[in-house]
Amino acid sequence: MAAPASRQVRRRARAAPRPRSAEDWWWDRLAPRGSGYHLLQSDSMLLVLSEPGPARPRAQRRASRRTPRQPPRGPSAAAKPKAGLRSEAAAAPAPAPAPTPTPEEGPDAGWGDRIPLEILVQIFGLLVAADGPMPFLGRAARVCRRWQEAASQPALWHTVTLSSPLVGRPAKGGVKAEKKLLASLEWLMPNRFSQLQRLTLIHWKSQVHPVLKLVGECCPRLTFLKLSGCHGVTADALVMLAKACCQLHSLDLQHSMVESTAVVSFLEEAGSRMRKLWLTYSSQTTAILGALLGSCCPQLQVLEVSTGINRNSIPLQLPVEALQKGCPQLQPPGRGVAPGPGFPSLEELCLASSTCNFVSNEVLGRLLHGSPNLRLLDLRGCARITPAGLQDLPCRELEQLHLGLYGTSDRLTLAKEGSPFLTQKWCHTLRELDLSGQGFSEKDLEQALAAFLSTPGGSHPALCSLNLRGTRVTPSTVSSVISGCPGLLYLNLESCRCLPRGLKRAYRGLEEVQWCLEQLLTSPSPS
């Protein structure tokens, strides 16, 4: 009889409420039940999170699972207890029923579900404007139903790039993948891309025509279309697209195989509203340029014809006067672009090249418009740089200027003027000056080098290295420079046609330079 009594005592001890510890008090204080928050303890911090909480302590889980047992129903309920246990059952008091646990409140829905749909769409629009619709909208749609509804708004899908799957795989596998993607586009076009404005297709080989047909049927607001590395673009598809998309004004066909007849047909249909056109130069470009010269695109502002990097390709011959008449609205690239911050701490810039360099005054100005601390500028081989372009640079204390023309640039025979602009601006700071190969005239060079004879304050110029190789400098000019620059340690007079024989060489050191001065003063002038 003692065993059942001991069991009842143990049951009463387990049913007794457990004393609350300090940890339980802080738990209820910081994250009360039903608030939608829970605590997560790590090694060095205590986090309050707004997600459904972790599992409760074991004692709480056991208490919630203890439900009062319902008495059995049916005829067996009326059966009497056994005789041996009748006295004990009558003597022992009935155990108190366990309290029915109250249902816990569910977690809070969170701010993602409470925020209005219109505001959520605006937030998504800011992110899409910065980084594009993918992959953000695809990931946001899997957060919750409200986010999925917001990410599905067609207004957010205004820019889309569709790359053919399995690029670089065998042709048969690529065709199958394009067909699968086309089946998805048949649903996406009317349900997601109905307000599409900019579309880019990359490396589509076989299903370009069906895709363009879907675009024409479902995307009336399309303004920009780019086909990069695409094949099978037909005239019917482009003409259909021009008729269906009345706002289409920009077309990029670079690096795609498109017949010239298809492009001409498109321009005849949509040429009156075309603003931008990108092409790749080939043997068929002549027909497209002929259409442009015929004034089919009077509003065209940007025309870019990529010639590639193949040196053996036939040069592009463009009748500029006829193009100006056919497309009077054409604008040079870069117009209206705000200048960047520049390089305020830049002190050295080297753009030297052994071959023909295409760096112009405009490019150099964009690079150095914010570099007042420039000390070294190396433009050897940059035949398009002129003294007028260098005069506009903001740097006032340039110490080294290299403008020599070498290699193929030596064959340039165009005479230049304006070298005094260089020396007059930097005569008090220039230590090294390289004008080799430049086609300045004798008088121009004389005026330029005369700036070193009258430095401000009466101090000696800082010039110590002068390269005049291959120029038209005269003996009198060289004598004046040597006399006015006592610190000159290097002087290159190779291939100077106006100097007497025997003096056309490089002089290194103060003694050789002074010897050159003596020879110039004593030698007769060349005939």
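Residues numbered from 1 in each chain as written. Predicted model: local features only at pLDDT ≥ 70, side-chain atom pairs only at ≥ 80, totals over all residues. Heavy atoms only, no water.

Observations concerning unusual backbone geometry
Reasoning step 1: In this structure, Pro135 follows Met134 across a cis peptide bond, with omega equal to 5 degrees.
Reasoning step 2: The residue Pro135 is located in the loop between helix H6 (117-131) and helix H7 (136-140) in this model.
Reasoning step 3: In the Ramachandran plot, His203 falls in the positive-phi region, its phi being about 60 degrees despite a non-glycine side chain.
Reasoning step 4: Inspection of the secondary structure puts His203 in the loop between strand S4 (198-202) and helix H10 (208-218).
Reasoning step 5: Of note, Ser295 is a non-glycine position whose phi angle comes to about 65 degrees, a positive value.
Reasoning step 6: Turning to its location among the elements, Ser295 is positioned in the loop between helix H13 (285-293) and strand S8 (302-306). (Helix = DSSP H or I, 4+ residues; strand = E, 2+ residues; numbered from the N terminus.)

Quick word on the packing of H10 against helix H11 (residues 235-244)
Helix packing geometry: the angle between the two helix axes and the distance between the axes.
Reasoning step 1: Contact geometry for H10 and H11: axes closest at 9 Å, N-to-C directions at 10 degrees. When the interaxial angle is binned, H10 and H11 end up roughly parallel. Judged by residue contacts, His209, Leu212, Lys213, Val215 and Gly216 of H10 engage Ala237, Met240, Leu241 and Ala244 from H11.
Reasoning step 2: By residue class, the composition of the contact of H10 with H11 is 6 nonpolar, 2 polar and 1 charged. (Axes fitted to C-alpha atoms, helices over the stretch in contact; angles between N-to-C directions. Parallel < 35°, antiparallel > 145°, perpendicular 65-115°, else oblique. Contact = heavy atoms within 4.5 Å. Nonpolar A, V, L, I, M, F, W, Y, C, P; charged D, E, K, R; others polar.)

Structural notes on the nonpolar core
Reasoning step 1: Judged by nonpolar contacts, the single largest core of 61 residues is most densely connected at Phe124, Leu199, Leu201, Leu225, Phe266, Leu267 and Leu292.
Reasoning step 2: Of all hydrophobic cores here, the second largest spans 45 residues; its members include Leu463, Val473, Ile482 and Leu503. (Core = buried A, V, L, I, M, F, W, Y, C linked by side-chain atoms within 4.5 Å. Buried < 20%, exposed > 50% of the residue type's maximum accessible area, 1.4 Å probe, protein only.)

Examining the pattern of salt bridges
Reasoning step 1: Taken as a whole, this structure holds 5 salt bridges when the rule is applied.
Reasoning step 2: Measuring nitrogen to oxygen at the nearest pair gives 3.7 Å for the salt bridge that ties Glu494 to Arg469. Here Glu494, found in the loop between strand S14 (490-492) and strand S15 (506-508), pairs with Arg469, found in the loop between strand S13 (465-467) and helix H19 (475-484); they are 25 residues apart in sequence, far enough to count as distant.
Reasoning step 3: Residue Glu494 is classed as partly exposed on the basis of its relative accessible area of 31%.
Reasoning step 4: In this structure Arg469 comes out as partly exposed when scored by relative accessible area, which is 26%.
Reasoning step 5: Via salt bridges that share partners, Arg375, Glu397 and Glu399 belong to a single interconnected network. (Salt bridge = Lys/Arg side-chain N within 4 Å of Asp/Glu carboxyl O.)

Some words on helix H20 (residues 510-522)
Reasoning step 1: Along its 13 residues, H20 runs 19 Å from first to last C-alpha, staying within 8% of the 18 Å computed at 1.5 Å per residue.
Reasoning step 2: Turning to H20, its buried residues number three or more, namely Val513, Cys516, Leu517 and Leu520. Buried residues in H20, looked at end-on, bunch into an arc of 100 degrees, giving them a common side. Facing away from the buried side of H20, by more than 90 degrees, are the exposed residues Glu511 and Thr522. (Expected span 1.5 Å × (residues − 1). Arc of directions from axis to C-beta.)

A look at the environment of Arg508
Reasoning step 1: Summarising the element assignment, Arg508 is placed in strand S15.
Reasoning step 2: We classify Arg508 as exposed; its relative accessible area is 54%.
Reasoning step 3: In this structure, the C-alpha to C-alpha distance between Arg508 and Leu489, residues 19 residues apart in sequence, is 5.9 Å.
Reasoning step 4: With residues near it in sequence (within four places) discarded, Arg508 still touches Leu489 and Tyr490.

Describing H19
Reasoning step 1: Counting buried positions over the 10 residues of H19 gives 7, a clear majority of the element.
Reasoning step 2: Looking at H19, one finds that the buried residues are Pro475, Thr477, Val478, Ser479, Val481, Ile482 and Gly484.
Reasoning step 3: Those residues of H19 hidden inside the fold are in contact with helix H18 (442-449), S13, S14 and H20.

Some remarks on the side chain of Asn492
Reasoning step 1: Position of Asn492 among the secondary structure elements: in strand S14.
Reasoning step 2: Judged by relative accessible area, Asn492 falls into the buried class, the value being 5%.
Reasoning step 3: Among the polar contacts made by the side chain of Asn492, one reaches the side chain of Tyr490 at a distance of 3.2 Å.
Reasoning step 4: Other than its neighbours up to four places away in sequence, Asn492 contacts Leu466, Asn467, Leu468, Arg469, Arg505 and Ala506. (Polar contact = N/O pair within 3.5 Å; in protein donor to acceptor, adjacent residues only side chain to side chain.)

Brief notes about the sheet that holds strand S10 (residues 376-378)
Reasoning step 1: Strands sit in the order S9-S10-S11-S12-S13-S14-S15 across an open sheet of 7 strands; the sheet is mixed. The open sheet has two edge strands, strand S9 (348-350) and S15, and neither has a second partner. Neighbouring strand axes in the sheet, compared pairwise and without regard to direction, differ in orientation by 5 degrees on average.
Reasoning step 2: Of the pairings in the sheet, the one linking S9 to S10 comprises 3 bridges and is parallel in character. Counted as the bridge partner of Cys350 is Asp378 from S10.
Reasoning step 3: Across the sheet, H20 is in contact with S14 and S15; its angle to S15 comes to roughly 130 degrees. (Pairing = 2+ DSSP bridges.)

Some details on the environment of Ala237
Reasoning step 1: Here Ala237 is to be found in helix H11.
Reasoning step 2: Placed 24 residues apart in sequence, Ala237 and Lys213 show a C-alpha to C-alpha distance of 6.7 Å.

Section: the pairing of strand S3 (residues 159-163)
Reasoning step 1: The two faces of S3 differ: Val160 and Leu162 on one face are buried, but Thr159, Thr161 and Ser163 on the other face are not.
Reasoning step 2: As judged from the 5 bridges shared by S3 and S4, these two strands associate in the parallel manner. Bridged to Thr161 within S4 is Thr200.

A short note on the packing of aromatic side chains
Reasoning step 1: Overall, the coordinates contain 5 aromatic pairs when judged by the stated rule.
Reasoning step 2: When the centroid spacing of 6.0 Å and the interplanar angle of 80 degrees are considered together, the rings of Phe224 and Trp278 count as edge-to-face. With Phe224 in strand S5 (residues 224-228) and Trp278 in strand S7 (residues 276-280), this pair connects stretches of sequence that are 54 residues apart. The burial state of Phe224 is the same as that of Trp278; both residues are buried.
Reasoning step 3: Ring geometry for Tyr507 versus Trp515: centroids 6.4 Å apart, planes at 40 degrees, classification tilted.
Reasoning step 4: Ring-pair connections join several aromatic residues into one group, and the members of that group are Phe124, Phe136 and Trp147.
Reasoning step 5: It is Arg198 that lies over the ring of Phe224; its NZ or CZ is 4.1 Å from the centre. (Phe/Tyr/Trp six-rings, centres within 6.5 Å; stacked < 30°, edge-to-face > 60°. Lys NZ or Arg CZ within 6 Å of the ring centre and 35° of its normal.)

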